[in-house]
Amino acid sequence: MFNGASNFSHDVDSLFLFTLIVSVFFLVLITGLMIYFVIKYNRKRNPKATNFHGSTKLEITWTLIPTILVLIMFWWGWKGYSKMSDIPENAMTIDVTAQMWSWSFKYANGKVSDSLYVPVDKPIVLNLQSMDVVHAFYIPAFRIKKDVFPKQNRVVWFEADEIGDYDIACAEYCGLNHSYMYNKIKVVSEDDFSNWLYGSFDTETTK
Ligand SMILES: [Cu+2]
């Protein structure tokens, strides 16, 4: 966790951490209370059953607090989702084709590559299309994942924050060699990117 490398990583990780903390807190609280009451009211200590009546104060509390917590999660998630759906106008477009069992990336100038090269700190929008079955385009370090369908255009965008190589995977089981759909995304400087993009029009086969 917290090794994300895109403009979405921080939002996704903080929400994940918040949800995890809330879940662990309630897991410990509820389990602890359960054990406490099982011991306190067991037959040996409490031979005659105790009768409880409702407590309005308690019921309001345990309705209100979880409601507020899930609304915070919803609001936070919605904010992140909106950001992910809001594609900047100056984004660079790359066409992505998924097929059993590989990815290919086509740039505006016609260059096709097996690895995805992108310049750092620049919004990139990917047009995702599948030639055959359902795949899912996934870059774990960027916290982005999008299903890719045949005969349907899907888009996903991101901005890479740090130069480096990151994994691309298919996150939807798409047949026998699904696990072969591992590629690299290479985040490089603006200059290196132009050199690579205009350096040669040959099909890249480096992985
Ligand atoms: Cu696949």
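Residues numbered from 1 in each chain as written. Predicted model: local features only at pLDDT ≥ 70, side-chain atom pairs only at ≥ 80, totals over all residues.

Peer 1: Got a minute to help me understand the overall build of the protein chain in this structure?
Peer 2: A count of helices and strands for the protein chain gives three helices and 10 strands. On C-alpha atoms alone, the protein chain measures out to a radius of gyration of 25 Å, which is more than a quarter above the 17 Å that the 2.2 N^0.38 rule sets for 207 residues. Classification of the 207 residues of the protein chain by burial places 18% in the buried group. (Helix = DSSP H or I, 4+ residues; strand = E, 2+ residues; numbered from the N terminus. Rg over C-alpha atoms; globule rule 2.2 N^0.38 Å. Buried ≥ 20, exposed ≤ 12 C-beta atoms within 10 Å, placed from the backbone.)

Peer 1: Can you help me understand the sheet that holds strand β5 (residues 123-130) in this one?
Peer 2: If you walk across this open sheet you meet the five strands as β3-β2-β1-β5-β8, and the pairing is mixed. Looking along the sheet, the strands with just one partner apiece sit at the ends: β3 (112-113) and β8 (154-159). In the sheet, strand β1 (residues 92-99) pairs with strand β2 (residues 102-106) via five bridges, with the strands oriented antiparallel. Note on β2: the bridge partner recorded for aspartate 95 is lysine 106. (Pairing = 2+ DSSP bridges.)

Peer 1: Even after reading the chapter, I still don't get the sheet that holds strand β6 (residues 135-139), so can you show me in this structure?
Peer 2: Adjacent strands of a sheet pair through backbone hydrogen bonds, lying either parallel or antiparallel. Ordered by their spatial adjacency, five strands build an open sheet running β4-β10-β9-β6-β7, and the pairing between neighbours is mixed. Strands at the two margins of the open sheet, each flanked by one partner only, are β4 (116-119) and β7 (144-148). The mean angle between the axes of side-by-side strands here comes to 20 degrees, regardless of whether they run parallel or antiparallel. Running at roughly 135 degrees to β4, helix α3 (residues 190-199) makes contact with β4 and β10 (183-188) of the sheet. (Axes fitted to C-alpha atoms, helices over the stretch in contact; angles between N-to-C directions. Contact = placed C-beta atoms within 7 Å.)

Peer 1: How do you make sense of the domain arrangement of the protein chain when you look at a structure like this?
Peer 2: Where the parts come together, the accessible area they lose is often given as the size of the interface. Looking at the assigned domains, one finds that the protein chain contains domain 1 (9-85) and domain 2 (92-199). The distance between the C-alpha centroids of domain 1 and domain 2 comes to 39 Å. (Domains from an automatic or database assignment.)

Peer 1: Would you explain unusual backbone geometry in this entry?
Peer 2: Apart from glycine, the bulk of residues carry a negative phi angle, and the bulk of peptide bonds sit in the trans form. A cis geometry characterises the amide bond from methionine 100 onward to tryptophan 101, with omega recorded as 0 degrees. Its location among the elements puts tryptophan 101 in the loop between β1 and β2. One non-glycine residue, aspartate 121, adopts positive backbone phi at about 55 degrees. On the secondary structure map, aspartate 121 appears in the loop between β4 and β5. The exposure class assigned to aspartate 121 is partly exposed, which follows from the 14 C-beta atoms found within 10 Å. Of note, lysine 151 is a non-glycine position whose phi angle comes to about 55 degrees, a positive value. Summarising the element assignment, lysine 151 is placed in the loop between β7 and β8.

Peer 1: Sorry, what's going on with the packing of helix α1 (residues 9-40) against helix α2 (residues 56-85) here?
Peer 2: Geometrically, a packed helix pair is captured by the angle between its two axes and the distance between the axes. Interhelical geometry of α1 versus α2 gives an angle of 165 degrees and a closest axis separation of 10 Å. It follows from the interaxial angle that α1 and α2 lie roughly antiparallel. Crossing angle aside, the handedness with which α1 passes α2 is left-handed. Residue-level inspection shows Asp11, Val12, Leu15, Thr19 and Val22 of α1 in contact with α2, the latter providing Leu69, Met73, Trp76, Gly77, Gly80 and Lys83. Of the residues in the contact of α1 with α2, the class split is six nonpolar, three polar and two charged. (Parallel < 35°, antiparallel > 145°, perpendicular 65-115°, else oblique. Left-handed = near helix turned anticlockwise from the far one by under 90°. Nonpolar A, V, L, I, M, F, W, Y, C, P; charged D, E, K, R; others polar.)

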